[in-house]
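# Chains, contacts and geometry: an overview
The lines below spell out each chain.
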Amino acid sequence: MKTFNIIIFTVIISLCFISCGQKQSSHTEFALGTVCSVTLFEQSEKSIYNEVFSRIREIENLMSVNIPSSDISRVNAAAGTEPVIVHEETFKVIERALYYAEFSGGAFDLTVGPLVSLWGIGKEEQRIPLRQEILDALPLINWRNVELDRQKKSVFLKIKGMSLDLGAIAKGYAADEAVKIIKRGGVKRAIIDLGGNIVVLGEKKDGSLWNVGIQNPDKNRGDVIGFLQLTEKTIVTSGVYERFFEENNQRYHHLFDPSRGYPAKNGLLSVTLITDISMDADALSTALFVLGYEEGKKLIASLPGTEAFFVFEDRSIIMTDGINFTLTDKTFYIKNIL
Ligand code: ADP
Ligand code: MG
């Protein structure tokens, strides 16, 4: 994943800016379990980078399941026992995650933690769980069993063994927070890439739009199928290539169908969301991937200002009509524009 992000970042940067000859600087760190990069095109003040990255760490310290003192770890440890008071912003992200859980009919579900642990995808212990283990985990996956107290800012998981995982939404939130800091610092042209949660601000120096590559889901990381042209938007992809293992010619990836307990399988290779708020795009890209094209299409139709780009196993592409896309890999084809 690390390598991929560095490569895609490099691809984006080099394609966008090679001809511009402009002042730019960038900073990359490993955080939120992935590679996070920020590129500023008009000022390279260290203080902005410092502020952005300490903010990202702050969010990681609150929301990571891998940090035992995080709000999320504390909530998980008290599952079935007692409510836990969390930081206001953790509460806000959980509320938003619950909103998307309901909106997607449970395709996006922040209580997916037990499945994430069971499969261990991307970790050394990754494996296909026994059928019985999946059956045992399923009753623990249900966003309706998350109880919030808005006054106290407390979170209670009703059943012992339940656990939250904000992996499908926290990077988006962090990207939105990074944007705020960058804008406050007076920077108008920038690119933020937190493990594939991309935000592009402003335009190229010559006034043209940024080009953002769509990863070819079955090629080496950094290999794109084409480019989106846009400005002042966030671009977030959920795909089968991000974290997976293969066994018996089957690919097992990290996007779970909460109703079945297995990686979602519905003919899709990736779904990219393009909108204004990265947290929304993050949750929606996961939700749409799990829902699949037919259901996902209906959700998108209800969200004005939100565009979606679907890549299918048969190498077809379907996208909404507000997208400016140039196909470069002709082994894929555009089947339909919604
Ligand atoms: P990535 O993290 O690769 O950018 P996503 O934003 O789609 O991709 O998030 C995937 C992560 O979200 C998984 O690694 C897991 O932690 C969690 N997750 C997996 N399936 C679901 C789901 N159905 N709903 C919510 N979160 C999920
Ligand atoms: Mg997501």
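Residues numbered from 1 in each chain as written. Chains lettered and ligands numbered in written order. Predicted model: local features only at pLDDT ≥ 70, side-chain atom pairs only at ≥ 80, totals over all residues. Heavy atoms only, no water.

## Details of the pairing of strand E16 (residues 307–312)
Counting buried residues in E16 gives six out of six residues, a clear majority hidden from the surface. Of the two faces of E16, the one carrying Glu 307, Phe 309 and Val 311 and the one carrying Ala 308, Phe 310 and Phe 312 are both buried. The pairing of strand E15 (residues 268–275) with E16 spans six bridges and is classified as antiparallel. Of the residues in E16, the one forming a bridge with Ser 270 is Val 311. Pairing of E16 with strand E17 (residues 316–319), which is carried by three bridges, proceeds in the antiparallel orientation. If you follow Phe 309 over to E17, its bridge partner there is Met 319. The loop that links E16 with its antiparallel partner E17 comprises three residues; one of these, Arg 315, has a positive phi angle of about 70°. (Buried < 20%, exposed > 50% of the residue type's maximum accessible area, 1.4 Å probe, protein only. Helix = DSSP H or I, 4+ residues; strand = E, 2+ residues; numbered from the N terminus. Pairing = 2+ DSSP bridges.)

## Re the side chain of Ser 270
If you trace the backbone, Ser 270 turns up in strand E15. Setting aside its immediate chain neighbours within four residues, Ser 270 contacts Pro 217, Thr 237, Ser 238, Gly 239, Tyr 241, Phe 289, Phe 309, Phe 310 and Val 311. (Contact = heavy atoms within 4.5 Å.)

## Description of the sheet that holds strand E3 (residues 84–85)
A sheet is described by the order of its strands in space; here three strands give the open sequence E3-E5-E4, paired in antiparallel fashion. Edge strands, defined here as strands with exactly one partner in the open sheet, are E3 and strand E4 (146–149). The pairing of E3 with strand E5 (residues 154–157) spans two bridges and is antiparallel. Looking at the pairing, Ile 85 lines up with Ser 154 of E5. Sitting on the sheet, helix H4 (residues 88–103) is in contact with E4 and E5, with an inclination near 135° to E4. (Axes fitted to C-alpha atoms, helices over the stretch in contact; angles between N-to-C directions.)

## Comments concerning the pattern of salt bridges
Any two side chains of opposite charge can pair, given that their charged atoms come close. Under the definition given, this model contains 21 salt bridges. Among the salt bridges present, the one from Glu 58 reaches Arg 55, with a minimum N-O distance of 2.8 Å. Note that Glu 58 and Arg 55 are positioned in helix H2 (residues 46–63) at a spacing of three residues, about one turn of the helix. Overall, the relative accessible area of 42% leaves Glu 58 in the partly exposed class. With a closest N to O distance of 3.2 Å, Arg 96 and Asp 280 form a salt bridge. Here Asp 280 lies in helix H8 (residues 278–291) and Arg 96 lies in helix H4, a separation of 184 residues in the sequence. (Salt bridge = Lys/Arg side-chain N within 4 Å of Asp/Glu carboxyl O.)

## Examining the pairing of strand E11 (residues 244–247)
On any regular strand, side chains alternate: one points to one face of the sheet, the next to the other face. Sheet analysis places E11 next to strand E12 (residues 250–253), joined by four bridges and oriented antiparallel. Among the inter-strand pairings, Phe 244 is bridged to a residue of E12, identified as His 253. Hairpin connection between E11 and E12: a loop of two residues separates the two successive antiparallel strands, and Asn 248 in this loop has a positive phi of roughly 45°.

## Things to note about the nonpolar core
Ranked by internal contacts, the top residues of the largest apolar core, which has 98 residues, are Leu 166, Ile 182, Phe 309 and Phe 325. Counting the residues that make up this core, at least three belong to each of domain 1 (18–60 + 186–337) and domain 2 (63–157). When sequence neighbours within four positions are dropped, the list of residues in contact with Ile 182 reads Val 38, Leu 40, Ile 48, Val 52, Val 187, Ala 190, Ile 192 and Leu 201. If you look at the next biggest cluster of nonpolar residues, it comprises 13 residues, including Leu 118, Ile 121, Ile 141 and Phe 256. (Core = buried A, V, L, I, M, F, W, Y, C linked by side-chain atoms within 4.5 Å. Domains from an automatic or database assignment.)

## Some points on the domain arrangement of the chain
By a widespread convention, an interface's size corresponds to the accessible area lost as its parts come together. Examined at the domain level, the chain breaks down into domain 1 (18–60 + 186–337) and domain 2 (63–157). Centre-to-centre separation of domain 1 and domain 2, based on C-alpha positions: 24 Å. Tallying the contact residues gives 29 residues for domain 1 and 26 residues for domain 2. Note on domain 1 versus domain 2: buried area summed over both sides is about 2,400 Å², and carbon and sulfur give 72% of it. For the interface between domain 1 and domain 2, the tally reads two salt bridges. Close ionic contact of Glu 89 with Arg 55 constitutes a salt bridge, the shortest N to O distance being 2.7 Å. Our count for the domain 1 to domain 2 interface comes out at eight residue pairs in polar contact (both at pLDDT 80 or more). Where the side of domain 1 that touches domain 2 is concerned, the elements lending two or more residues are H2, E11, E12, strand E14 (262–263) and H8. At eight residues, H8 tops the list of elements feeding residues into the side of domain 1 that touches domain 2. Along the lines of polarity and charge, the residues of the side of domain 1 that touches domain 2 split into 16 nonpolar, six polar and seven charged. (Buried area = accessible area lost by both parts, 1.4 Å probe. Polar contact = N/O pair within 3.5 Å; in protein donor to acceptor, adjacent residues only side chain to side chain. Nonpolar A, V, L, I, M, F, W, Y, C, P; charged D, E, K, R; others polar.)

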